[in-house]
Amino acid sequence: MPGVEALGLLGFLVCVHLPILALCQPLVARLVGSPAGATALADLAWPSGRQLDLLGASLEVSLAATGMAGLLGLLAALSSRPRGRLLRGLPLALVAVPPYVHALAWSTVLFRVETTLRGLGLAIELPRSGPGVTAWVMAMSRLPLTYGMAAIALGLLPDAPIEAARSVRSDRAVLLRIAIPLAAPIAAAGLALAFLLSLLDYGVPALFQVNVLALGVFADYSASGDAARALAMAMPLVVLAAGACLALVAGWRRAALSQPRGDGHPTWIALLPRGLRGLSGLAMALVLLQAAALCAGLFVAAGSPARILAALLPARGDLIYSLSVALGASLLALGPALALAGRLAAGEGRGMRRTLLWLATLLPLAVPAPLFGIGLIALWRGGPLAALLPLSAATLPVLASAGRFAPLAAVLLTAQLLRRDPSLVDAARMHQAGVLQGWWQVGLPLLGPGLLAAAGLVFTLALGELGATLMVLPPGRSTLTARTFNYLHYGASEAVAGACLVLALATVLVATVVLQAFAAGQGMARGSEGLS
Amino acid sequence: MNALPGEAGSAIDDRAPKAIELIGVSLARAGRPILSDLDLSLAAGERLAIVGPSGAGKTTLLRLIAGLEAPDTGSIRIDARLASEAGRIRIPPHRRRMGLVFQSGALWPHMSVSQHLRFAAGRLPRAEREGRVAAALAACELGGLEARYPDQLSGGEQRRVGLARALATEPRWLLLDEPLVNLDPPLAERLRSVIDRAATLAELGVILVTHDRDEADALCPRRLRLEAGRLVEDR
């Protein structure tokens, strides 16, 4: 149905690319309009003085967090224990819990540990602010992502090439020359995404009193309201994040194209030296510990269930608005993401066009969230689209989340489409009574789990979206996330902890459904091939 | 043009109306030719086996005839109507009255056997549809398996469901892509006799893709050999 697909692609353009273009428009106008203005913006884009310090702090914190999360995630993924799918999957379900919720939990844990130590007569002061604790909390919040991508990379390692290599070379050589190079692109994509998210995040650094460039951009725009200036200031971040996106393209394409292996004992386990197995066990324990720290920290801070309920009741309006925004964003993102995923899947094996399409999908992720919000304001408040299609201010947070996360939904749906046995669709095309019947009875059920997973992914991420939402929230409205973030600046209270706990549990619940749906989709996509 | 229709020994009667006709058909993927300048014609009810080594273009030829792909150049006519031309499919696959049996089975994992057949039978009055389903089940010896899902069937049963699905459309042509590959000899023999009987009863034309000459000879009097996308033998 080319008409429907064209409509979906237009939707992606409007939701994802137009806000970014609207953001660029004042910058370009200023650059072209006056030489003095152009020089001033160029100076901002080329960081010096305080901006250079801020960029340095951004890099320091994000590289440290990515390094820690990457190493621990990879080591944990190498661990063969625990064997249960539930325990191994638990850290993955934490992937969409907002970083500031981790920050609150770790603050509570650090405070309790310090108090306990003091009670034992050990007056050790644990760091409560600064780059070290910021990097640690960021690492812990990205750990589910790096662990998940490393586990996927290892899970997709085919047995046959490793067994063939083991017959001619030592285990060490096979590990270094075959297994790691095969798994590297996907694991690197996890690292790149963790780096990108850490670099662009200003929530956790703000809470631990670390000034980073993303926070500087947000503060500058809040004071000046100058979009061109904000974009120019953010340019170093955009360039660095775009570089991370290039790594994402290669890794995610590889992940999307690879066929998952069965549930049997993977061959690569045998390649690991004994010492590494011990280390990987420790890393896995740490991954599970941080999941436990998150839950325990929030429970302790929140107090009893009655207190949580009492804290939540006044915020029920925010809760309902948050859920509406997340639901609206997930529904809005689905059509455009599916249309783009269809093009991405169809474009496989066609060189430059394929690469450009992947870049058009993933490069929007390089735009810091507040800037995306600024682009939305430029587009929908007084811009040409506002006149064409007047939207209520309350819908802008929906557009913000849909636009920011539709690229990720498109990637997930592409994976689903590429793994679908094409003969299942061909069989429907041959034997259907009409195109709609084939789509309804075969196409949609085959894609159903993928669509559910994509919708769930956008829903969970939208629940925790902060940067763009803060920019576009209408007066008198707030999401639970925005309210929680604002409260956090006044110190952790039971009310905040209760809200964070609810948010975290809701996120984990939806993430579990997403993971189950995606796993079910993998089985369905393969159809009857290889059965019996 | 490298086709050889009408030469001595060809099974085609040139005076018969040509039900399927390929004229100068070529197809390339990523710059590599898959089929080159192919001419072929089949009369209604004719049985043709396409043989050749792996990568010769056998399955691609079947997909072009089925309408699942369009040729880069040339045209395909069905009953004298233009069905496909360069870069364009004019008659979609489900309007060509062809049933295709896939090499992989291509059974939909969320549908039972009877749901597969009802889907293929299409929008018909209930009694007529159920009649078609019952006939296809009987022809393929699938009685008692109606409620089963693909993962509850053996390999041979899955192949027969694929065949029954193709028959439930009441096609005029049966397109078979390696239907007996990877089956034990007794199972393959049984399925071959099911195909033969079903095609004979319904007077279907058959186009069989196989790399097995014995299989080709057992089902089809006419054999066409492809090598590197070119027709090298038609007898």
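Cut-offs and rules
- Residues numbered from 1 in each chain as written.
- Chains lettered and ligands numbered in written order.
- Predicted model: local features only at pLDDT ≥ 70, side-chain atom pairs only at ≥ 80, totals over all residues.
- Helix = DSSP H or I, 4+ residues; strand = E, 2+ residues; numbered from the N terminus.
- Buried ≥ 20, exposed ≤ 12 C-beta atoms within 10 Å, placed from the backbone.
- Rg over C-alpha atoms; globule rule 2.2 N^0.38 Å.
- Contact = placed C-beta atoms within 7 Å.
- Expected span 1.5 Å × (residues − 1).
- Domains from an automatic or database assignment.
- Nonpolar A, V, L, I, M, F, W, Y, C, P; charged D, E, K, R; others polar.
- Pairing = 2+ DSSP bridges.
- Axes fitted to C-alpha atoms, helices over the stretch in contact; angles between N-to-C directions.
- Parallel < 35°, antiparallel > 145°, perpendicular 65-115°, else oblique.
- Left-handed = near helix turned anticlockwise from the far one by under 90°.
- Core = buried A, V, L, I, M, F, W, Y, C linked by C-beta atoms within 7 Å.

Colleague: I'm lost on the overall build of chain A in this one. Help?
Modeller: Scanning chain A for helices and strands turns up 23 helices and zero strands. When each of the 532 residues of chain A is scored for burial, the buried share is 52%.

Colleague: How should the overall build of chain B be read in this particular structure?
Modeller: A count of helices and strands for chain B gives six helices and eleven strands. A globule of 235 residues ought to have a C-alpha radius of gyration of about 18 Å, and chain B, at 17 Å, matches this closely. The principal-axis extents of the C-alpha atoms in chain B amount to approximately 50 × 40 × 40 Å. Counting all 235 residues of chain B, 46% fall into the buried class. Contacts in chain B between residues at least 24 apart in sequence constitute 68% of all its contacts with a sequence separation of at least 6.

Colleague: Looking at this structure, I do not really get helix α12 (residues 274-302) of chain A. What am I missing?
Modeller: A turn of α-helix holds 3.6 residues, and therefore any two residues three or four places apart point the same way. Over its 29 residues, α12 of chain A runs 42 Å from end to end, which matches the ideal 42 Å to within 8%, given 1.5 Å per residue. Restricting attention to buried positions, one finds in α12 of chain A the residues Ser280, Ala283, Met284, Val287, Gln290, Ala291, Leu294, Gly297, Leu298, Ala301 and Ala302 of chain A.

Colleague: Hey, could you run me through the domain arrangement of chain B in this one?
Modeller: In many analyses, interface size is given as the accessible surface area lost on bringing the parts together. Residue and element names in this part refer to chain B. Per the domain assignment, the segments making up chain B are domain 1 (1-95 + 175-180 + 205-235) and domain 2 (98-170). Look at where the C-alpha atoms of domain 1 and domain 2 centre, and you get two points 26 Å apart. Between domain 1 and domain 2, the contact holds six residues from the first and seven residues from the second. Sorting elements by how many residues they give to the side of domain 1 that touches domain 2 places strand β8 (residues 173-177) first, with three residues. Here the residues of the side of domain 1 that touches domain 2 sort into four nonpolar, no polar and two charged.

Colleague: Please clarify how the domain arrangement of chain A should be interpreted in this entry.
Modeller: Residue and element names in this part refer to chain A. With domains assigned, chain A is organised as domain 1 (47-302) and domain 2 (306-527). Taken together, the 44 residues of domain 1 in the interface contact 42 residues of domain 2. By residue number, the principal contributor to the side of domain 1 that touches domain 2 is helix α11 (residues 227-257), which donates 16 residues. Grouping the constituent residues of the side of domain 1 that touches domain 2 by class yields 38 nonpolar, five polar and one charged.

Colleague: Any chance you could explain the interface of chain B and chain A here in plain terms?
Modeller: Across the contact, 27 residues belong to chain B and 20 residues belong to chain A. Put simply, the parts of the chain that give the side of chain B that touches chain A at least two residues each are β7 (98-101), α2 (113-121) and α4 (155-168) of chain B. Looking at the side of chain B that touches chain A, the element that brings in the most residues is α4 of chain B, giving three residues. For the side of chain B that touches chain A, a count of residues per class yields 15 nonpolar, nine polar and three charged.

Colleague: Any chance you could explain the sheet that holds β8 of chain B here in plain terms?
Modeller: Strand pairing in a sheet is mediated by backbone hydrogen bonds. Such pairs are either parallel or antiparallel. Residue and element names in this part refer to chain B. Across the sheet, six strands lie side by side as β7-β8-β9-β3-β10-β11; this open sheet has mixed pairing. Lying at the two open borders of the sheet, with one neighbouring strand each, are β7 and β11 (230-234). Along the sheet, successive strands turn relative to each other by an average axial angle of 20 degrees, direction set aside. Strand direction decides the pairing type here: β7 and β8, joined by four bridges, are parallel. Its bridge partner being in β8, Leu100 is matched across the sheet by Leu175.

Colleague: Before we go on, may I ask you to explain the packing of helix α16 (residues 369-380) of chain A against helix α18 (residues 396-419) of chain A in this structure?
Modeller: Any two packed helices are characterised by the angle at which their axes cross and by the distance between the axes. Residue and element names in this part refer to chain A. Contact geometry of α16 with α18 gives a least axis separation of 10 Å together with a crossing angle of 125 degrees. The orientation of α16 relative to α18 falls into the category oblique. Every pair of crossing elements has a handedness; the one defined by α16 and α18 is right-handed. Within the contact between the two elements, α16 uses Ala369, Phe372, Gly373, Leu376 and Trp380 and α18 uses Leu396, Leu399, Ala400, Gly403 and Arg404.

Colleague: For this particular structure, what's the right way to read the nonpolar core?
Modeller: Most often, soluble globular proteins keep nonpolar side chains buried together rather than apart. Counting residues in hydrophobic clusters, the biggest one holds 182 residues, and the most contacted among them are Leu104, Leu196, Ala337, Ala409 and Val458 of chain A. The leading source of residues in this core is helix α8 (residues 171-200) of chain A, at 17 residues. Built from parts of two domains, this core gets at least three residues from each of domain 1 (47-302) and domain 2 (306-527) of chain A. Those residues in contact with Ala409 of chain A that lie beyond four places of it in its chain are Ala333, Leu334, Ala337, Ala454, Leu457 and Val458 of chain A. In terms of nonpolar packing, the next biggest core, distinct from the first, is built from 77 residues, Ile20, Leu27, Ile34 and Ala83 of chain B among them.

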